[in-house]
Amino acid sequence: MKRDIGKAQEQLFAPGTSKSAKYSALVVGRPGFAALLKYELVVTLAQAWPGAIGLALRHTLYPLLLGSCGRNVIFGQHVVLRHPHKIHVGNNVVVDDNCLLDAKGESNRGIRIGSGVFLGRNTILSCKNGDIELGDGVNIGFNCELFSASRVTIGRDVLMAAYTYVIGGDHDFPDPSAAVLSQSRKSAGVSVGDGAWLGAGVKVLDGVAIGEHAVIGAGAVVRDNIEPYAIAVGVPARVVSSRVGRE
């Protein structure tokens, strides 16, 4: 599957559109003054408060913006929500400080976070008209990024260590005389199977499927599919062993 990825600059600087309308389109995701006012009130009252008061305010107010929100969800300080009505969160979820949940898009479903998920601080879930789905029990370390311009699916109980990038989108560059930025972009999506472990600093490129219970060594760059239960390391990642039959 390929999907064009629009440029934020084209929306930010489009002529004939008010600043508030541009802000609403990029951040709030819904037109109208009422939606903008609701978003601004929640963010102003809750986003930056430290300590227990802040946790309580966000626990109470953030679900008012979300598409759905389960029980016992903890939002850390400075958690940013974009297009929050397309963000769905299960039960017993932790979203640590400074995370960005960006479900931006015109025709996408957005972000779905299962129950028992942990998102480490500074982690980014970023959609450009794509979808991101995290299964139950996913644990994502700090400073990670999951980007989707079509579909990124992370299975149940996946462990993703710090500084891991899952890149569900890519650039085309057939014209060597033109800047890559000015050429078309595409997305085939990424999937990671149940129970897989991605070590610190792993990069998973667009179009890759990692099988269930696979292990990817720290610092690997995954550009080809990885079979279930495989152990892969290196740049580019290559399979060196299998978890099946190991004692």
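Throughout what follows, the structure given in this document is the object of discussion. (Residues numbered from 1 in each chain as written. Predicted model: local features only at pLDDT ≥ 70, side-chain atom pairs only at ≥ 80, totals over all residues. Heavy atoms only, no water.)

**Quick word on the sheet that holds strand E3 (residues 80–82)**
- The 7 strands are arranged E3-E6-E9-E12-E15-E20-E23 in an open sheet whose pairing can be described as parallel. Two strands close off the open sheet at either side, each with one partner strand: E3 and strand E23 (221–222).
- Relative to strand E9 (residues 124–127), strand E6 (residues 100–102) is paired through 3 bridges, and the arrangement is parallel. Along E9, the bridge assignment pairs Leu100 with Ile124. (Pairing = 2+ DSSP bridges. Helix = DSSP H or I, 4+ residues; strand = E, 2+ residues; numbered from the N terminus.)

**Quick notes on helix H4 (residues 51–61)**
- Restricting attention to buried positions, one finds in H4 the residues Gly54, Arg58 and Leu61. The arc that holds the buried residues of H4, viewed along the axis, is 80 degrees, so those residues lie on one side. Away from its buried face by more than 90 degrees, H4 exposes Ala52 and Thr60.
- Buried residues belonging to H4 abut helix H3 (33–46) and strand E2 (74–75). (Buried < 20%, exposed > 50% of the residue type's maximum accessible area, 1.4 Å probe, protein only. Arc of directions from axis to C-beta. Contact = heavy atoms within 4.5 Å.)

**Describing the pattern of salt bridges**
- Counted according to the given criterion, the structure contains 7 salt bridges.
- Overlapping salt bridges, with partners in common, bring together Arg82, Asp102 and Lys104 in one network. (Salt bridge = Lys/Arg side-chain N within 4 Å of Asp/Glu carboxyl O.)

**Re a nonpolar patch on the surface**
- Taken together, Phe33, Leu37, Leu41 and Leu45 make up a surface patch of nonpolar side chains, about 420 Å² in accessible area.
- One can find Leu41 in helix H3. (Patch = residues over 30% accessible without salt bridge, like charges linked within 9 Å, V, L, I, M, F, W, Y side chains within 5 Å. Areas by Shrake-Rupley, 256 points an atom, 1.4 Å probe, with all protein chains shown as cover.)

**Some remarks on the nonpolar core**
- Ranked by size, the top nonpolar core spans 56 residues in total, and within it Ile113, Leu119, Leu134, Leu146 and Ile210 carry the most contacts.
- Per element, the largest residue contribution to this core is 5 residues, and it comes from H3.
- Beyond its immediate sequence surroundings of up to four residues, Ile113 is in contact with His88, Val89, Gly90, Val93, Leu101, Leu119, Leu125 and Leu134. (Core = buried A, V, L, I, M, F, W, Y, C linked by side-chain atoms within 4.5 Å.)

**Digging into the packing of aromatic side chains**
- What the rule picks out here adds up to 2 aromatic pairs.
- Ring centres of Tyr62 and Phe75 lie 5.1 Å apart, and the angle between their planes is 55 degrees; this geometry places the pair in the tilted category. Here Phe75 lies in strand E2 and Tyr62 lies in the loop between H4 and strand E1 (68–69), a separation of 13 residues in the sequence. Both residues of the pair, Tyr62 and Phe75, count as buried.
- Taking NZ or CZ as reference, Lys203 lies 5.4 Å from the ring centre of Tyr165, over its face. (Phe/Tyr/Trp six-rings, centres within 6.5 Å; stacked < 30°, edge-to-face > 60°. Lys NZ or Arg CZ within 6 Å of the ring centre and 35° of its normal.)

**Regarding the environment of Ala220**
- Relative to the elements of secondary structure, Ala220 occurs in the loop between strand E22 (215–216) and E23.
- The class for Ala220 is buried, based on a relative accessible area of 0%.
- Note: C-alpha distance between Ala220 and Gly234 (14 residues apart in sequence) is 4.7 Å.
- Look past the residues within four positions of Ala220 in its chain and what remains in contact with it is Gly201, Val202, Lys203, Val233, Gly234 and Ala237.

**Description of the sheet that holds strand E4 (residues 87–89)**
- Here 7 strands make up an open sheet; going across it, the order is E1-E4-E7-E10-E13-E18-E21 and the pairing parallel. A single partner strand is all that each edge strand has here, and the edge strands are E1 and strand E21 (209–210).
- Taken together, the 3 bridges between strand E13 (residues 151–154) and strand E18 (residues 190–192) define a ladder with parallel strand orientation. Among the inter-strand pairings, Ile154 is bridged to a residue of E18, identified as Val192.

**Some details on helix H2 (residues 19–28)**
- Burial in H2 covers these residues: Lys22, Ser24, Leu26, Val27 and Val28.
- Looking one or two places after H2, you find Gly29, whose phi comes out positive at around 85 degrees.

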